[in-house]
Amino acid sequence: MSDSEGPDPILLTLFANRFMSVAEAMGRSLQQTSISTNIKERLDFSCALFAPDGDLVANAPFIPIHLGSMSFAVKYQMKLYGDDLKEGDVLMTNSPHAGGSHLPDITIISPVFDSGSKEIIFFTASRGHHADIGGILPGSMPPTSMNIFEEGAEIVSFKLVKEGVYDKNGLYEYMVDKPAKYPGSSGCRNIRDVESDLKAQIAANYKGIQLIHQIVEDYGLKTVQEYMYHIRNNAESSVRNLLRDVAKKLGTAVLSAADYLDDGSPICLRVEINEDDGSAVFDFEGTGCEVRGNLNSPISVAHSAVIYCMRAMLDLDIPLNAGCLVPLDIRIPKGSLLAPSRTAAVCGGNVLTSQRIVDVVLRAFHACAASQGCTNNLTFGAGGKDSDGRAVAGWGYYETIAGGSGAGPNWHGTSGVHTHITNTRIGDVELLERRYPVLVHTFGLRQGSAGSGKFHGGEGVIRELEFLEPLQVSILSERRTRAPYGLEGGRPGGLGRNTWIKQGREEDGDAPEGDSAKTREINIGGKATIRMGKGDRLRIETPGGGGWGLPTENEGLQGDATEYIRGWAARGSLAEREAAQAGF
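These notes cover the structure that comes with them. (Residues numbered from 1 in each chain as written. Predicted model: local features only at pLDDT ≥ 70, side-chain atom pairs only at ≥ 80, totals over all residues. Heavy atoms only, no water.)

Counting its regular elements, the protein chain contains 11 helices and 20 strands. Over its C-alpha atoms the protein chain spans a radius of gyration of 24 Å, differing by no more than 12% from the 25 Å that the globule rule assigns to 584 residues. Residue burial in the protein chain is summarised as follows: out of 584 residues, 59% are buried. Across the protein chain, contacts joining residues at least 24 apart in sequence account for 72% of those joining residues at least 6 apart. A total of about 22,800 Å² of accessible surface is found on the protein chain, and carbon and sulfur atoms cover 50% of it. One way to put it: in the protein chain the 57 positive side-chain charges average out to a point 2 Å from where the 72 negative ones average out. (Helix = DSSP H or I, 4+ residues; strand = E, 2+ residues; numbered from the N terminus. Rg over C-alpha atoms; globule rule 2.2 N^0.38 Å. Buried < 20%, exposed > 50% of the residue type's maximum accessible area, 1.4 Å probe, protein only. Contact = heavy atoms within 4.5 Å. Areas by Shrake-Rupley, 256 points an atom, 1.4 Å probe, with all protein chains shown as cover. Lys, Arg positive; Asp, Glu negative; His and termini not counted. Charge placed at Lys NZ, Arg CZ, Asp CG, Glu CD.)

Okay, the packing of aromatic side chains next. All chains considered together, the criterion is met by 13 aromatic pairs. Taking the centre distance of 4.8 Å and the plane angle of 40° together, the rings of phenylalanine 158 and tyrosine 174 count as tilted. You can see phenylalanine 158 sitting in strand β6 (residues 158-162) and its partner tyrosine 174 sitting in helix α4 (residues 168-180), a full 16 residues away along the chain. With 6.2 Å between their ring centres and 90° between their planes, phenylalanine 380 and tyrosine 436 make a pair best called edge-to-face. Highlighted residues: phenylalanine 380 in strand β12 (residues 377-385) and tyrosine 436 in the loop between α9 (429-435) and β14 (438-446), separated in sequence by 56 residues. Taken as a pair, phenylalanine 380 and tyrosine 436 share a single burial class, namely buried. (Phe/Tyr/Trp six-rings, centres within 6.5 Å; stacked < 30°, edge-to-face > 60°.)

Under the definition given, this model contains 31 salt bridges. For the salt bridge of arginine 537 with glutamate 464, the shortest nitrogen-to-oxygen distance reads 2.5 Å. Within this pair, whereas arginine 537 is found in strand β20 (residues 537-541), its partner glutamate 464 is found in strand β15 (residues 460-467), the two being separated by 73 residues in sequence. Each of the salt bridges in this network shares a partner with another, and the network as a whole consists of Asp259, Arg356, Asp359, Glu478, Arg479 and Lys527. (Salt bridge = Lys/Arg side-chain N within 4 Å of Asp/Glu carboxyl O.)

This paragraph deals with the sheet that holds strand β13 (residues 391-399). One open sheet accounts for 4 strands, arranged β13-β12-β16-β19; its pairing is antiparallel. For this open sheet the edge positions go to β13 and β19 (527-532), each flanked by a neighbour on one side alone. Pairs of neighbouring strands in the sheet enclose a mean axial angle of 20°, with direction left out of account. Across 5 bridges, the pairing between β12 and strand β16 (residues 471-476) is antiparallel. Opposite leucine 378, over in β16, you have isoleucine 475 as the bridge partner. (Pairing = 2+ DSSP bridges. Axes fitted to C-alpha atoms, helices over the stretch in contact; angles between N-to-C directions.)

Now for helix α6 (residues 221-250). With 30 residues, α6 should reach 44 Å at 1.5 Å per residue; the first-to-last C-alpha distance of 44 Å fits that figure. Trailing α6 by a residue or two, glycine 251 shows a phi angle of about 75°, which is positive. (Expected span 1.5 Å × (residues − 1).)

Another point: the sheet that holds strand β3 (residues 90-93). Pairing is antiparallel across the open sheet formed by 7 strands, whose spatial order is β2-β1-β5-β4-β3-β6-β7. The sheet is open, and its two borders are formed by β2 (56-59) and β7 (165-166), each paired with just one other strand. Sheet analysis places β3 next to β6, joined by 3 bridges and oriented antiparallel. Each residue of the ladder has a partner; that of valine 90, found in β6, is valine 161. In the packing of helix α5 (residues 191-219) onto the sheet, the strands contacted are β1 (45-50), β3, β4 (105-113), β5 (120-129), β6 and β7, and the crossing angle to β4 comes to about 30°.

Glancing now at the nonpolar core. By size, the foremost hydrophobic cluster in this structure holds 109 residues, and its most contacted members are Phe19, Phe282, Phe284, Met310 and Phe365. Ignoring any residue separated from it by four or fewer positions in sequence, one finds phenylalanine 365 in contact with Leu243, Val246, Leu250, Leu255, Val271, Phe282, Met310 and Met313. Counting residues in hydrophobic clusters, the runner-up holds 23 residues, among them Trp395, Ile401, Val440 and Val461. (Core = buried A, V, L, I, M, F, W, Y, C linked by side-chain atoms within 4.5 Å.)

Along the polypeptide, glutamate 41 turns up in the loop between α2 (37-40) and β1. The buried category is assigned to glutamate 41, whose relative accessible area is 19%. There is a polar contact of 3.1 Å between the side chain of glutamate 41 and the side chain of arginine 435. Glutamate 41 has contacts with Ser36, Arg425, Leu431 and Arg435, leaving out every residue within four places of it along the chain. (Polar contact = N/O pair within 3.5 Å; in protein donor to acceptor, adjacent residues only side chain to side chain.)

Shown next as structure tokens:
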């Protein structure tokens, strides 16, 4: 079929699904061959397929914040290496300066060469969140970090495999030796687990290469690449139509919104839609300057949040790909917290600021009320440098905690879910208690945290853990002082709260007359790291989602929310949830 005749709609659907199936198979391979809780159980990873120019072609329904930003990483490596990539090379990177999101997210990139011409015809890539890559605190998500050196190993580019030869010594240097040189920082506390998961990522990429070669063998390279670009053009056309429809529905081609981080930093957006060609300018002018903490967000993450919103507002079954960004001109002011300096701390920007960007974009488009706007990042562990500066073997654990999603013009929010950019699971209670020195005292919905309205938001959750030995525990969270907004008269969702339930101890001076049974409840704020003693507990109460529309007279929020939760739970199953994700 010639280009003038356009793509065959049946083949277009077929190739879209074939490309997505490559990413899905890569993901299954990675999950099955990894060993860490973070990747194997929590599914904090993404796999995707990229064009020879580095643009995203297709993905499975993994982590939205990974998928939109991985293209930046692929293109950076292409520019860095040029023609100096050989068959059997595998690249490793995690630097925000090189298209990364935050340092624990390590990206493995493999070029796919044509068996005949030996030219690069695709790239496969996988990105996984590794539970510890060094830095000042176990878990490598320090809530107190002030620069990127405190957050662990930073790798701009490293050939982990060079023409089929694995570089174990180089990996050890990047992950263990280099991070430990920064004052107060340690190298990776559990390099064996990290290395094993990195090998699983390499294997997943190779699985993708095999499947791509099979597709090329079935249809020929020319047809495969033609439909790769047809799929991208289809996504572009869909977004252009969406923008035209939004302008027509809202009666204006200029949209604007703003929201704030808990420290008061504004994130501002003005959208100007060109109704003639369906393009739009997304201008973040007015956004706050770089912050001293770690809520700075790399440019790639801002783009990722925008592409997620565009795809989420499309009521079409198409893969998320680079075509969604073609009609958009995204303008981010230099020096802002969305375009920080080279050494700025960023570990919270990827997981928290990104959520606020999504809130702002969806508010501008009047799409739905705010979801919890947070990922409630909990880390704990042991090891690193001791008081004498000696390296002590250890470990780190990391999880994100669910909350409430926002209501929309004809739907209630969902309770106890990971929202928007995260899409991960939480740590399984049985596995958590078996593998780590903790007990889970409470894990359930937080009644009364949903924003009321004609359609109410989802409830947040309560998760309370007891630590069975002294551990360094950290929480990195937002929406503790600024509530998730409601729309059209809907009420905001409830604020989150983090509470340390401390055992009294004579050595701390808070157990008078030897009464060690005495406990204190201490609000530790949204961002804190604490040396928890044996028997201490941490209670995390996550935010609820905002409501939509004015509440009806005498509305009973508690009863309505509970009724909806029962209805949702009755038809829930992991299989149905995964099917819904696949449709996304």
